[in-house]
Protein chains: 2
Amino acid sequence: MSNHPAAPAAPHGARHADDEQLLRDAGLRATGVRVAVLRALDRLQHATADDVVRAVRTDIGSASVQAVYDTLHALTGAGLLRRMEPAGHPARYERRVGDNHHHVVCRACGAVADVDCTVGQAPCLTPSATQGFTIDLAEVTFWGLCPDCASRP
Amino acid sequence: MSNHPAAPAAPHGARHADDEQLLRDAGLRATGVRVAVLRALDRLQHATADDVVRAVRTDIGSASVQAVYDTLHALTGAGLLRRMEPAGHPARYERRVGDNHHHVVCRACGAVADVDCTVGQAPCLTPSATQGFTIDLAEVTFWGLCPDCASRP
DNA sequence: ACGTTTTCTGGAACGATTCCAAGTTGCGTC
DNA sequence: GACGCAACTTGGAATCGTTCCAGAAAACGT
């Protein structure tokens with residue numbers, strides 16, 4: 001488990017080789033690219049599509065950009081991945097799904113980290129006046145400076 | 001005040017013609033385009049840059065795309081406007097600044113509405129573990145369906 | 001009236017992502 | 001073990017919102 005310095009609280013339950021089963025359980029074929037994408041996101045947190053392409057290529061030798069995008073979409077759609085897109089930055093993907101956690105984004109370098117919300121499980125999930133909207137998700141993004149960027153103007 | 005069916009809580013204080021003073025107070029020249037942009041956003045809430053371009057052109061006859069983008073940046077930088085960018089949608093601008101309010105975005109049509117957070121003034125503004133980040137803003141976005149889109153599959 | 005700032009026109013470029021078509025590979029099932 | 005469909009490949013072009021460029025003209029505030 002040395003690759004999992006801080007194991008996510010999310011119950012995605014799969015250990016490396018079991019990603020195949022995870023995919024099948026979700027009704028998806030367990031293909032090379034898909035397994036490699038999951039493995040890549042096991043190591044890289046909040047990786048961009050580009051990060052994933054590179055990681056997958058290092059892992060299994062080659063993969064087309066489209067295959068990776070397709071996979072990211074399929075896995076996100078199946079609920080195996082979560083997608084977040086900080087304003088002004090490319091989308092980022094993570095395996096931590098199902099728990100309601102939020103993100104801090106560094107204004108300077110764009111680094112992203114996870115944060116658990118203070119306010120219990122479902123934070124501001126019930127706004128007072130919803131304007132008639134049916135709400136299914138509350139997304140909280142904190143903006144600031146990461147430790148590195150804070151220590152230089 | 002018929003244009004202000006629900007006057008924003010934000011104390012931006014300016015009535016139509018006083019936008020010029022508002023600009024000067026912010027250290028900006030009160031130019032035609034800038035005043036027109038403010039006026040446009042008085043009517044249109046959560047307008048895209050494109051919406052603003054069209055509104056400004058209807059208002060003062062003509063304006064270049066760049067002038068509007070420049071203005072939106074200048075005014076946002078001066079704190080007269082707030083910019084929000086829902087994932088997968090173009091940026092939107094609004095005059096309601098200084099209060100901490102949040103947004104609902106319709107997954108289907110992209111419509112945006114304001115919401116006040118249930119949890120008092122500074123909602124999830126103090127996350128438990130900030131990972132060493134210095135946080136200056138908490139942005140909350142609710143996702144769901146607007147009344148219109150909810151009433152058709 | 002002057003100097004500075006802003007806006008203009010018109011164009012090209014950007015980055016992330018999507019889409020295309022047609023051919024190949026490789027899963028999973030029978 | 002073979003078959004059929006889903007997934008992947010290559011290579012290219014296109015999208016959209018936004019930014020950047022340069023030089024000239026206009027407009028603002030002192």
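Look up a bit, the structure's there.
On a predicted model such as this, the values are computed, not experimentally measured, just so you know. (Residues numbered from 1 in each chain as written. Chains lettered and ligands numbered in written order. Predicted model: local features only at pLDDT ≥ 70, side-chain atom pairs only at ≥ 80, totals over all residues. Heavy atoms only, no water.)

We now examine the protein's contact with DNA strand C. Looking at DNA strand C, there are 20 residues lining it, with R29(A), H73(A), T31(B), S64(B) and A67(B) nearest. In DNA strand C, atoms within 4 Å of the protein come from the sugar-phosphate backbone in 72% of cases. One of the side-chain nitrogen or oxygen atoms of S64(B) is found 2.7 Å away from a phosphate oxygen of DNA strand C. Going through the elements one at a time, helix 4 (65-77) of chain A together with helix 2 (32-43) and helix 4 (65-77) of chain B are the ones with two or more residues in the surface near DNA strand C. (Near = heavy atom within 4 Å. Polar contact = N/O pair within 3.5 Å; in protein donor to acceptor, adjacent residues only side chain to side chain. Helix = DSSP H or I, 4+ residues; strand = E, 2+ residues; numbered from the N terminus.)

Let's shift gears to the packing of helix 2 (residues 32-43) of chain A against helix 3 (residues 49-60) of chain A. All names here are of chain A. Their axes nearest at 9 Å, the elements helix 2 and helix 3 cross at an angle of 115 degrees. Put simply, helix 2 runs roughly perpendicular to helix 3. Of the two elements, helix 2 crosses helix 3, and the hand of that crossing is right-handed. Here G32, V33, A36, V37, R39, A40, L41 and R43 of helix 2 lie close against helix 3, whose contacting residues are V52, A55, V56, D59 and I60. (Axes fitted to C-alpha atoms, helices over the stretch in contact; angles between N-to-C directions. Parallel < 35°, antiparallel > 145°, perpendicular 65-115°, else oblique. Left-handed = near helix turned anticlockwise from the far one by under 90°. Contact = heavy atoms within 4.5 Å.)

What follows concerns the sheet that holds strand 3 (residues 92-94) of chain B. Across a sheet, strands are paired by hydrogen bonds formed along the backbone, either parallel or antiparallel in direction. The strand order across the open sheet formed by 3 strands is 1-3-2 (chain B), and the pairing between neighbours is antiparallel. Of all strands in the sheet, those with a lone pairing partner are strand 1 (47-48) and strand 2 (82-84) of chain B, marking the two edges. (Pairing = 2+ DSSP bridges.)

Looking now at the layout of surface pockets. If you add up the space inside the largest pocket, you get close to 590 Å³. Lining the largest pocket are 23 residues; nearest its centre among them are R83(A), L137(A), E139(A), R107(B) and W143(B). Counting only elements with at least two residues in the lining of the largest pocket, the list comes to strand 2 (82-84), strand 4 (101-106) and strand 6 (134-145) of chain A. For the lining of the largest pocket, the per-class residue count stands at 8 nonpolar, 8 polar and 7 charged. (1 Å grid on protein atoms, 1.4 Å probe; cavity = no way out; pocket = protein on both sides within 12 Å on 5 of 7 lines; lining within 4 Å. Points joined across faces, edges and corners; volume = space filled by probe spheres on them. Nonpolar A, V, L, I, M, F, W, Y, C, P; charged D, E, K, R; others polar.)

Let us look at the pattern of salt bridges. All names here are of chain A. Within the structure shown, the criterion is met by 24 salt bridges over all chains. E20 serves as the salt-bridge partner of R24, at 3.3 Å between the closest nitrogen and oxygen. Taken as a pair, R24 and E20 lie in helix 1 (residues 19-25) at a separation of 4 residues, close to a single helical turn. When its relative accessible area of 44% is taken as the criterion, R24 is described as partly exposed. Salt-bridge contacts for D51 lead to R54; the nearest nitrogen and oxygen are separated by 3.3 Å. Taken together, the positions of D51 and R54, both in helix 3 and 3 residues apart, correspond to about one turn of that helix. Within the structure, one salt-bridge network assembled from shared partners comprises R96, D99, D114 and D116. (Salt bridge = Lys/Arg side-chain N within 4 Å of Asp/Glu carboxyl O. Buried < 20%, exposed > 50% of the residue type's maximum accessible area, 1.4 Å probe, protein only.)

Residues in close proximity to DNA strand D total 22 residues, the closest being T31(A), S64(A), A67(A), Y69(B) and H73(B). In DNA strand D, atoms within 4 Å of the protein come 76% from sugar and phosphate. For DNA strand D, a phosphate oxygen lies 3.0 Å from a polar atom in the side chain of R34(A). In this structure, a phosphate oxygen belonging to DNA strand D sits 2.9 Å away from a side-chain N or O atom of R24(B). Residue assignment for the surface near DNA strand D shows that the elements contributing at least two residues are helix 2 and helix 4 of chain A together with helix 4 of chain B. Here the residues of the surface near DNA strand D sort into 8 nonpolar, 9 polar and 5 charged.

This part takes up the pairing of strand 6 of chain A. Across 4 bridges, the pairing between strand 4 of chain A and strand 6 of chain A is parallel. Across the sheet, residue V105(A) finds its bridge partner in strand 6 of chain A, namely W143(A). Note: strand 6 of chain A against strand 6 (residues 134-145) of chain B, 11 bridges, orientation antiparallel. Bridging from a neighbouring strand, F142(A) pairs with A138(B) of strand 6 of chain B.

Our next topic: the state of the cysteines. Two cysteines whose sulfur atoms are joined by a covalent bond form what is called a disulfide. A complete count under the given rule lists 0 disulfides over all chains for this structure. With no disulfide of its own, C109(A) lies 3.7 Å from the sulfur of C149(A), the closest cysteine sulfur. Its relative accessible area of 43% is what places C109(A) among the partly exposed residues. Left without a disulfide partner, C146(B) is nearest to the cysteine sulfur of C149(B), which lies 3.6 Å away. (Disulfide = S-S within 2.5 Å.)

Bringing empty space enclosed by the protein into the picture now. Under the counting rule described, the total for this entry stands at 1 cavity of 30 Å³ or more. Approximately 150 Å³ is the volume attributed to the largest cavity. Considering the residues around the largest cavity, the lining is formed by 14 residues, among which E85(A), E139(A), E85(B), E139(B) and T141(B) are closest to the centre. Of all the secondary structure elements, the ones that give two or more residues to the lining of the largest cavity are strand 6 of chain A together with strand 6 of chain B.

Worth remembering: the numbers are spatial, not functional.
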